[in-house]
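Here is how the chains run, residue by residue.
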Amino acid sequence: MAGFTREHRDDAHRLSLDDHASAREALTRLHQTAQDCQAKVITSERPYFGDIAHAVAEALPGPWDVSIEHYPDGAIPTDVLDWVWEAGPALSTQPAYRTPGAAFLRDGGGTELLLVERPRDGRYLIGSLMPSPDHMNVVGAGPRTVSAATAREAAADVRSRLLPEFERLVHQARLREVQQDLDWVRGVEPGTVDAVELDAAVDRFLTHAPYLLAATRRADIKPLAASETAVLIRFETLLARAPADTDSRSEADGTDEALALWLEAGEDLLDVVRTATVRPAEVPARPAITAATPPKPPAAVATGRTR
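Conventions and cut-offs
- Residues numbered from 1 in each chain as written.
- Predicted model: local features only at pLDDT ≥ 70, side-chain atom pairs only at ≥ 80, totals over all residues.
- Heavy atoms only, no water.
- Helix = DSSP H or I, 4+ residues; strand = E, 2+ residues; numbered from the N terminus.
- Polar contact = N/O pair within 3.5 Å; in protein donor to acceptor, adjacent residues only side chain to side chain.
- Buried < 20%, exposed > 50% of the residue type's maximum accessible area, 1.4 Å probe, protein only.
- Contact = heavy atoms within 4.5 Å.
- Pairing = 2+ DSSP bridges.
- Axes fitted to C-alpha atoms, helices over the stretch in contact; angles between N-to-C directions.
- Core = buried A, V, L, I, M, F, W, Y, C linked by side-chain atoms within 4.5 Å.

A. Spatial organisation of the environment of Gln179. By the secondary structure assignment, Gln179 is in helix H5 (residues 151–187). Along the sequence, Gln179 and Gly266 sit 87 residues apart, while their C-alpha atoms lie 8.4 Å from each other. Within the structure, Gln179 has its side chain in polar contact with the side chain of Glu267 (distance 3.0 Å).

And the structure:
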């Protein structure tokens, strides 16, 4: 409609009040159009939901992309909530209320947040979606859902609590997955390891290793000893030659060298990462394998699920 503009693709259309005459004319046209279409124009003192989503995103560290979904029937799709890592009582009851839309905030690095408005009290609920890449095997409770009355409060809680919890839990999931793969390959009889499954395990290691190394370098729990730094350097050198992107490395120069170093010093790397990044109360117990033959790791996921 003439007179209404928007800054972002998913934003609401806005009417400038700088020129009262033009604004009055635009509202008159809107009212007439609504009558012609047998529609209702309802006013509200609540800010537009999409504006809240952008305000939250702009207050978070780094760049975030915001997308808005509208649900004309007022029902949030069940598959949207299925992707929430830890819905908790707040988000799990959302289907009981009319939900005209939801916002998705993405940082481009695998962190995705869902934002909805709870109609009964107008509070904004923010939960984290399952981490991407989707083949990461996360277990247990995820970050707690944020509940806030304003965009400012929501962003503050996401920065101080939700994102740190998300990063800690994903970090522990990476450690656990690399450890499980190591336990598996070392527990089977020599010559019986399926080549496809072994390649999948190495690919998972090469996917997780850059994040584990970066987290260790950033950590400030304790200074690294010279021997521990040497372990990091060996794997950093490996990754420089065999990047996690399988399209960027050759089979001979990448996978074989990564497999050899992973089997030789993988435990040393995990010990260094745990020592540097996991506080004593957070150290995850090693998975107990009671079967005579260790379970196979999950098959590699080439494309991952989509949402």
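B. How the structure looks around the side chain of Thr277. As for its position among the elements, Thr277 is in helix H8 (residues 251–277). When its relative accessible area of 17% is taken as the criterion, Thr277 is described as buried. Among the polar contacts made by the side chain of Thr277, one reaches the side chain of His171 at a distance of 2.8 Å. Here the side chain of Thr277 touches Val273 through a polar contact of 2.5 Å, landing on its backbone oxygen. Apart from the residues within four sequence positions on either side, Thr277 is in contact with His171, Ala215, Thr216, Ala219 and Ile221.

C. Just unusual backbone geometry, in detail. For Gln38, which is not a glycine, the phi torsion comes out positive at approximately 55°. Mapped onto the elements, Gln38 comes out in the loop between helix H1 (20–36) and helix H2 (49–58).

D. Examining the sheet that holds strand E5 (residues 112–117) more closely. The strand order E3-E4-E5-E6-E7 describes an open sheet built from five strands, whose pairing is antiparallel. For this open sheet the edge positions go to strand E3 (65–70) and strand E7 (146–148), each flanked by a neighbour on one side alone. On average, adjacent strands in this sheet sit at an angle of 20° to one another, irrespective of strand direction. In this sheet, strand E6 (residues 124–128) lies alongside E5 in antiparallel orientation, the contact comprising five bridges. Of the residues in E6, the one forming a bridge with Leu114 is Gly127. Along the sheet face, H2 touches E3, strand E4 (101–106), E5 and E6 and points at about 20° away from the line of E4. Running over the sheet, H5 touches E5, E6 and E7 and is turned about 170° from E7.

E. Looking closely at the nonpolar core. Phe205, Phe235, Trp262 and Leu269 are the most contacted members of the largest nonpolar core, which has 29 residues in total. Counting residues per element, the ones that place at least two in this core are H5, helix H6 (195–218), helix H7 (226–241) and H8. Here the element with the most residues in this core is H8; it accounts for nine residues. Apart from the residues within four sequence positions on either side, Trp262 is in contact with Val178, Asp181, Leu182, Val185, Leu198, Ala201, Val202, Phe205 and Phe235. Judged by nonpolar contacts, the second largest core, of 23 residues, contains Phe49, Trp64, Leu105 and Ala151.

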